[in-house]
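# Structural features, examined
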Amino acid sequence: MFSSLRVRNYRLFAAGQVVSNVGTWMQRIAQDWLVLVLTGNNPVALGIAAALQFLPTLLFSLWAGVLADRLDKRKLLIWVQVGLAACALVLGALDVTGVVQVWHVYVLCFVLGAFSAVEVPVRQSFVAEIVGRSQVTNAVAINSTSFNLARIVGPAIAGVMIILIGTGWLFLANAVLTFAVIIGLLRMDPAKLIRSPKVPRAKGQLREGLRYVRGRADILTVMVLVFFVSTFGMTFFVTLAVVAATVFNRDADGYGLLSTALAVGTLAGSILAVRRSSRGRPRTRMLLGAAFAFGVLEVVVGLMPNFTTFALALIPVGLCLMTFMTTANSTVQLAVAPEMRGRVMGLYMLVFVGGNPIGAPMVGWMADQWGARSPFLIGGAIAALTAITCGLFLLTRGGVQRPVTGWGRLLLRRPGFENPVK
């Protein structure tokens, strides 16, 4: 299950990610709660903060992909992590000293998003250089496992610590924990990296990457599916705090419990993805089925009558969501040419995160107008319908085949049908 951990460089990378991700999730919970406190539980303000954090992805992620293909990814990641730590340090200092205002949070959300817009596509494409093509699926699944393990620990700690000491110290803690990634990157052996061919600086490299994706129907379909699921289905994260506070009348610890319940599901999904990674390339049917199941289950969550059933229903939602995310990521990474990986992953992160400036304010507005449950109902329906549409498109293009069962198997065993469809 954990074959990529045999690579020392990857062990250092993964260990740093585990520690840093705990701090990242602590900061996310603290940031959401701080915005609610500063604005009197305004869901629109929460949506604006999320939109500002993800807006830089629209502006910079494609160029970050170009940089990933041109520059040393390890060195670039070190400097970006320093910037992320600085953002957490400044926000923590403002909060602890009691001078923080909502516009401070907005500005730092944008700056943090700018660093993240560069960090994510570079990190995603760097994984293949650490472990090699044969271990990409396993490494992506392990990354997801560590991310979601932190997603359980981080919100649980944050929910309690916000009540005990306030939000400011959690930002400062994240600034310190970010250095775990920097230490891991510095301790790597650069000579053992399996580097992709460096692309020399030239005009038109961004357009070249876009043309490459446009000419690949398989990659393009995954991009469309990821965009709709992430923009309309996954943005319910923005309103979890609103659900806890306004629907179930819970405090920060209730928000932390909902986030933890969702994380239990995503952790289970990522562990299953690690197990599946030993079976070869990810399957298109798995991608489509996970997206459809996620959408249906999200609608079910929106209908849950009380806090306990709502929290429990988030677990299978998280499982299907993580199955979809890891399958989509692995599908794109294995399908792309090495010299294009940075640019394609930049585009992947653009469609994955770039819709949030649209989706986050939209779900905040829906929660304000139609209640905090409405983003679950509408977003889930859109995700399920998109999965059906993409599946029908791939069926017509031959990109996915119906499984042969029952009478079909008996027919295919007859003489003249020696080449059954698998």
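## Considering the overall build of the protein
Scanning the protein for helices and strands turns up 17 helices and zero strands. Within the protein, the proportion of its 422 residues that are buried is 56%. Sequence separation of at least 24 residues holds for 86% of the intrachain contacts in the protein that already meet a minimum separation of 6. Split by element, the accessible area of the protein, about 18000 Å² in all, is 67% carbon and sulfur.

## Quick word on the pattern of salt bridges
Under the definition given, this model contains two salt bridges. Of the charged contacts, one joins K73 and E129 as a salt bridge, the two residues approaching to 2.7 Å between their closest N and O atoms. Here the residue K73 occupies a position in helix α3 (residues 73-96), and E129 occupies one in helix α4 (residues 102-131), the gap between them amounting to 56 residues. Of the two residues, K73 and E129, neither departs from the other in class, the shared state being buried. Here E119 ties to R123 by a salt bridge, and the two come within 2.6 Å at their closest N and O atoms. Here E119 and its partner R123 are both found in helix α4, four residues apart, which amounts to about one turn of the helix. Each member of the pair, E119 as well as R123, is classed as buried.

## Topic: the nonpolar core
Judged by nonpolar contacts, the single largest core of 84 residues is most densely connected at F310 and L314. Here F310 is in contact with L240, V243, F248, L258, V301, M304, R373 and F376, once residues within four sequence places are set aside. Membership of the second largest hydrophobic core comes to 26 residues, among which are Y10, L112, I142 and I182.

## A short note on a nonpolar patch on the surface
Residues F292, V296, V300, L385, I388, L392 and L395 make up a contiguous nonpolar surface patch of about 570 Å² in total accessible area. Those elements that provide at least two residues to the nonpolar patch are α12 (284-302) and α16 (374-397). With four residues, the top contributor of residues to the nonpolar patch is α16. For L392, the location among the structural elements is in helix α16.

## Examining the side chain of D32
For D32, the location among the structural elements is in helix α1 (residues 8-39). Buried charge D32 goes without a salt bridge, the closest partner of opposite sign being R28 at 7.9 Å. Each residue touching D32, except ones within four places of it in the same chain, is listed here: L46 and Y255.

## Observations concerning the packing of aromatic side chains
One pass over the structure, following the stated rule, counts seven aromatic pairs. Taking 6.2 Å as the distance between ring centres and 35 degrees as the angle between the ring planes, the aromatic pair formed by Y10 and F13 counts as tilted. Of this pair, Y10 and F13 both sit in helix α1, separated by three residues, roughly a single helical turn. Judged by its relative accessible area of 0%, Y10 is buried.

## Description of the packing of α3 against helix α6 (residues 168-177)
At a minimum axis separation of 7 Å, α3 and α6 run at an interaxial angle of 155 degrees. By the angle between their axes, α3 is roughly antiparallel relative to α6. At the point where α3 passes α6, the crossing takes the left-handed sense. Contacts between α3 and α6 involve A85, A88, L89, L91, G92, A93, D95 and V96 from the former and G168, W169, F171, L172, N174 and A175 from the latter. Here the contact of α3 with α6 is built from residues that sort into 10 nonpolar, three polar and one charged.

## Digging into the side chain of T221
Of note, T221 is situated in helix α9 (residues 217-233). On the basis of relative accessibility, which here comes to 8%, the residue T221 falls in the buried class. Ignoring any residue separated from it by four or fewer positions in sequence, one finds T221 in contact with C390, F393 and L394.

## Quick notes on the packing of helix α13 (residues 307-335) against helix α14 (residues 341-353)
Two numbers describe a pair of packed helices, the interaxial angle and the distance between the axes. One can describe the packing of α13 onto α14 by two numbers: an axis separation of 10 Å at closest approach and a directional angle of 150 degrees. Considering the angle they form, α13 stands roughly antiparallel to α14. Between α13 and α14 lies a crossing whose hand is right-handed. Residues M325, A328, N329, V332 and Q333 of α13 touch α14, and the partners they reach there are R341, V344, M345, Y348 and F352. Its residues placed into classes, the contact of α13 with α14 shows seven nonpolar, two polar and one charged.

## Observations concerning the environment of L62
Within the secondary structure, L62 is located in helix α2 (residues 43-70). Remark: the alpha-carbon pair of L62 and Y348, spanning 286 residues in sequence, is separated by 8.9 Å. In this structure, L62 is in contact with L206, L210, G346, L347 and L350, ignoring residues within four places of it in sequence.

## A few points about α13
A rise of 1.5 Å per residue sets the reference length of α13, with its 29 residues, at 42 Å; its end C-alpha atoms lie 42 Å apart and thus fit the reference within 8%. Among the 29 residues that make up α13, 22 are buried, leaving the element largely enclosed by the rest of the structure. Where α13 begins, the capping side chain belongs to N306, and its oxygen is found 3.2 Å from the backbone nitrogen of T308.

## Focus on the state of the cysteines
Here the structure, examined in full by the defined rule, presents zero disulfides. In this model C87 remains outside any disulfide bridge; the closest cysteine sulfur is found in C109, 9.6 Å from its own.

## Structural notes on the confidence of the model for the protein
Low pLDDT marks regions whose predicted coordinates should not be analysed in detail. Taken residue by residue, the protein gives an average pLDDT of 79. The fraction at 70 or more is 87%. Below pLDDT 50 for its whole length, residues 403-422 participates in 10 contacts with residues either more than four positions away or in separate chains.

Parameters at a glance
Residues numbered from 1 in each chain as written. Predicted model: local features only at pLDDT ≥ 70, side-chain atom pairs only at ≥ 80, totals over all residues. Heavy atoms only, no water. Helix = DSSP H or I, 4+ residues; strand = E, 2+ residues; numbered from the N terminus. Buried < 20%, exposed > 50% of the residue type's maximum accessible area, 1.4 Å probe, protein only. Contact = heavy atoms within 4.5 Å. Areas by Shrake-Rupley, 256 points an atom, 1.4 Å probe, with all protein chains shown as cover. Salt bridge = Lys/Arg side-chain N within 4 Å of Asp/Glu carboxyl O. Core = buried A, V, L, I, M, F, W, Y, C linked by side-chain atoms within 4.5 Å. Patch = residues over 30% accessible without salt bridge, like charges linked within 9 Å, V, L, I, M, F, W, Y side chains within 5 Å. Lys, Arg positive; Asp, Glu negative; His and termini not counted. Phe/Tyr/Trp six-rings, centres within 6.5 Å; stacked < 30°, edge-to-face > 60°. Axes fitted to C-alpha atoms, helices over the stretch in contact; angles between N-to-C directions. Parallel < 35°, antiparallel > 145°, perpendicular 65-115°, else oblique. Left-handed = near helix turned anticlockwise from the far one by under 90°. Nonpolar A, V, L, I, M, F, W, Y, C, P; charged D, E, K, R; others polar. Expected span 1.5 Å × (residues − 1). Polar contact = N/O pair within 3.5 Å; in protein donor to acceptor, adjacent residues only side chain to side chain. Disulfide = S-S within 2.5 Å. pLDDT = per-residue confidence, 0-100.

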